[in-house]
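Below are the chains, spelled out letter by letter.
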Amino acid sequence: MKFEIAPNVYWVGKIDWELRKFHGEEYSTHRGSSYNSYLIKDDKTALIDTVWLPFAEEFVSNLAREIDFDKIDYVIANHAEMDHSGALPELMRHIPDKPIYCTANAVKSLKGHYHQDWNFQVVKTGDKLSLGKKDLVFVEAMMLHWPDSMMTYLTGDAILFSNDAFGQHMASERLFNDLVAQSELFEEATKYYANILTPFSPLVTKKINEVIALNLPLQAICPSHGVIWRENPLQIVQKYLQWAADYQENQITIIYDTMWNGTRILAENIARGIVQKDDKVTVKLYNIARSDINDLVTEVFKSKAILLGSPTINKGILSAMAALLEMITGLKFKNKKAAAFGCYGWSGESVRILADQLTKAGFAIAGEGLKAVWQPNDEALAQAFEFGKEFAGKV
Ligand code: FEO
């Protein structure tokens, strides 16, 4: 399958409707994904990126229907991660001497993955590769989101092949931003940013401003996952600038785990206190053990404050909550407040542990946490309600 993006510029990737987990089991992909590869024909022909390994043979045989491999002059590897480079070994088996243009870091990654000494041509920001009437211009994008990441700009058609940046994990038979449900598109784009790019937000801002300063015309942004931004492509750039600026909405998210419902009941009473105090704020509650962790990370991303609750078990916290804390610590959220709560029977360490880990994760702790011994009684429920009111006042 291929489709045209501009005259002689084609999408030749793979739409993966079945994908439900990405990065191993780390990232849920409820709407599948796509691995976008692009073929540009001019006097010379370039192929930008490939697809994930399970689709390598399918990709290469489909590509063979579109072009005689001898006519591929250049392979561009914008990023070495295996969802884009996985079909390189199968492709390079057919064209072993063709040059692969990539960053110096990508040479290390590609050699590390595939142990092949292909004809690597290292490029840096500003380097150009003439295709004849048009040029490819390379822009290094270190740590967006790997050290090897790079974008490639096609002059003439004014297309930025942005690789992972501006992508979304969503499958569609119509891979253009104006042909999909906007609510689904932005839900997936937000989730993608929250779960993958948040730690690199300062670099996102810097890189976008660097590219804007080049004053290049822009007709389309072609990421390596999901839809092509052809209608108002700058809208996703503006979104990235917002998201990179310590994004938050007027939302408080309460995330808890519970053994015998005590901590859940605390959570629900805290929520009632919050809405009593603040009639504008959006309040959402989730049981972490019954929720998708990546969807919850997206809710944390949107929140100005979070409350985490866990009962004490074995002088610690419940394991699903520990996994969430590990994830949000790595994501380095900024400009968010937090507090902790939980039930206990005899030792009661969970609230302190949650607060300590939230602090380590960069959240500003807003007030003492709330502990309730055994099953919350009327007094404990009233305390939870007041705790919610006070928390809403502080954030
Ligand atoms: Fe889509 Fe970083 O790979």
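As the structure is a computational prediction, the values presented were derived from the model and not from experiment. (Residues numbered from 1 in each chain as written. Predicted model: local features only at pLDDT ≥ 70, side-chain atom pairs only at ≥ 80, totals over all residues. Heavy atoms only, no water.)

Enquirer: Which residues make up the overall build of the protein chain, and what are the values?
Expert: Counting its regular elements, the protein chain contains twelve helices and 22 strands. Taken along its principal axes, the extent of the C-alpha atoms in the protein chain is 80 × 40 × 35 Å. Looking at the protein chain residue by residue over its 395 residues, the buried ones come to 57%. Within the protein chain, contacts between residues separated by at least 24 positions form 72% of all contacts whose residues are at least 6 apart in sequence. For the protein chain, the accessible surface area stands at approximately 16,800 Å², while carbon and sulfur atoms represent 51% of it. Of the charged side chains in the protein chain, 41 are positive and 49 negative; the average position of the first set lies 4 Å away from that of the second. (Helix = DSSP H or I, 4+ residues; strand = E, 2+ residues; numbered from the N terminus. Buried < 20%, exposed > 50% of the residue type's maximum accessible area, 1.4 Å probe, protein only. Contact = heavy atoms within 4.5 Å. Areas by Shrake-Rupley, 256 points an atom, 1.4 Å probe, with all protein chains shown as cover. Lys, Arg positive; Asp, Glu negative; His and termini not counted. Charge placed at Lys NZ, Arg CZ, Asp CG, Glu CD.)

Enquirer: Talk me through the packing of aromatic side chains; I want residue IDs and the actual numbers.
Expert: Applying the stated rule across the entire model yields 21 aromatic pairs. Taken together, Phe 166, Tyr 193, Tyr 240, Trp 243, Tyr 247 and Phe 301 form an aromatic cluster joined through their ring pairs. Of note, Arg 230 hangs over the ring of Phe 176, and the distance from its end group to the ring centre comes to 3.9 Å. (Phe/Tyr/Trp six-rings, centres within 6.5 Å; stacked < 30°, edge-to-face > 60°. Lys NZ or Arg CZ within 6 Å of the ring centre and 35° of its normal.)

Enquirer: Please set out the pairing of strand β10 (residues 99-102) residue by residue, giving values where relevant.
Expert: Each regular strand shows side chains that alternate between the opposite faces of the sheet. Across the two faces of β10 the burial is the same, with Pro 99 and Tyr 101 and Ile 100 and Cys 102 all buried. Relative to β10, strand β9 (residues 74-76) is paired through two bridges, and the arrangement is parallel. Across the sheet, the residue bridging to Ile 76 is Tyr 101, located in β10. Where β10 meets strand β11 (residues 119-122), four bridges bridge the pair, whose relative direction is parallel. Paired with Pro 99 across the strands is Asn 119, a residue of β11. Note that the unit made of β10, helix α4 (residues 104-114) and β11 has a crossover that is right-handed. (Pairing = 2+ DSSP bridges. Right-handed = clockwise from strand over helix to strand, strands pointing away.)

Enquirer: Kindly report on the pairing of strand β18 (residues 282-287), identifying the contributing residues and their values.
Expert: Bridge count for strand β17 (residues 251-256) against β18 is six bridges, and the pairing is parallel. In the sheet register, Tyr 256 faces β18, and the bridge partner there is Asn 287.

Enquirer: If you had to explain a nonpolar patch on the surface to someone new, which residues and values would you point to?
Expert: There is a patch of nonpolar side chains on the surface, built from Trp 52, Leu 53 and Met 82 and spanning about 290 Å² of accessible area. Take Met 82: it is sitting in helix α2 (residues 82-85). For Met 82, a relative accessible area of 36% puts it in the partly exposed group. (Patch = residues over 30% accessible without salt bridge, like charges linked within 9 Å, V, L, I, M, F, W, Y side chains within 5 Å. Salt bridge = Lys/Arg side-chain N within 4 Å of Asp/Glu carboxyl O.)

Enquirer: Report on the domain arrangement of the protein chain, specifying residues and quantitative values.
Expert: The domains assigned to the protein chain are domain 1 (3-243) and domain 2 (251-394). Here domain 1 and domain 2 have C-alpha centroids that lie 39 Å from each other. In this complex, domain 1 contributes twelve residues to the contact, which on the side of domain 2 involves eleven residues. Taken together, the two surfaces of domain 1 and domain 2 that pack against each other cover about 1,000 Å², and 57% of this comes from carbon and sulfur. In this structure, the connection of domain 1 to domain 2 is made through one salt bridge. Notably, a salt bridge pairs Lys 191 with Asp 295, separated by 3.0 Å at the nearest N-O pair. (Domains from an automatic or database assignment. Buried area = accessible area lost by both parts, 1.4 Å probe.)

Enquirer: Give me the nonpolar core: which residues, what numbers.
Expert: Counting 118 residues, the largest nonpolar core has Leu 63, Ile 76 and Tyr 240 as its most contacted members. Here Tyr 240 is in contact with Ala 165, Phe 166, Gly 167, Tyr 192, Tyr 193, Leu 197, Val 204 and Ile 208, once residues within four sequence places are set aside. Residues Ile 254, Ile 270, Leu 370 and Ala 372 belong to the second largest nonpolar core, which totals 22 residues. (Core = buried A, V, L, I, M, F, W, Y, C linked by side-chain atoms within 4.5 Å.)

Enquirer: Describe the environment of Val 75, and please don't skip the residues or the numbers.
Expert: Positionally, Val 75 belongs in strand β9. Here the alpha-carbon distance between Val 75 and Ile 48, two residues 27 residues apart in the chain, equals 6.1 Å. For Val 75, the residues in contact, after removing those within four places along its chain, are Leu 47, Leu 88, Leu 91, Met 92, Ile 95, Pro 99, Ile 100 and Tyr 101.

Enquirer: Outline helix α1 (residues 56-66), listing residues and values.
Expert: Since there are 3.6 residues in each turn of an α-helix, residues three or four apart along the chain are aligned in direction. Every buried residue of α1 is accounted for by Ala 56, Phe 59, Val 60, Asn 62 and Leu 63. Viewed along the axis of α1, the buried residues span an arc of 165°, placing them on a single side of the element. Of the exposed residues in α1, the ones pointing more than 90 degrees away from its buried face are Glu 57 and Arg 65. In this structure, the buried side of α1 is in contact with β7 (38-41), β8 (45-48) and α3 (88-94). (Arc of directions from axis to C-beta.)

Enquirer: Could you give an account of unusual backbone geometry, naming the residues involved and the relevant values?
Expert: Residue Leu 144 is joined to His 145 through a cis peptide bond whose omega torsion reads 10°. Summarising the element assignment, His 145 is placed in the loop between β13 (135-140) and β14 (150-154). The phi dihedral of Lys 315 is positive, around 65°, even though this residue is not glycine. If you trace the backbone, Lys 315 turns up in the loop between β19 (305-309) and α10 (319-331). The residue Trp 374 is not glycine, and still its phi comes out positive at about 50°. Within the fold, Trp 374 resides in the loop between β22 (370-373) and α12 (378-394). For Trp 374, a relative accessible area of 54% puts it in the exposed group.

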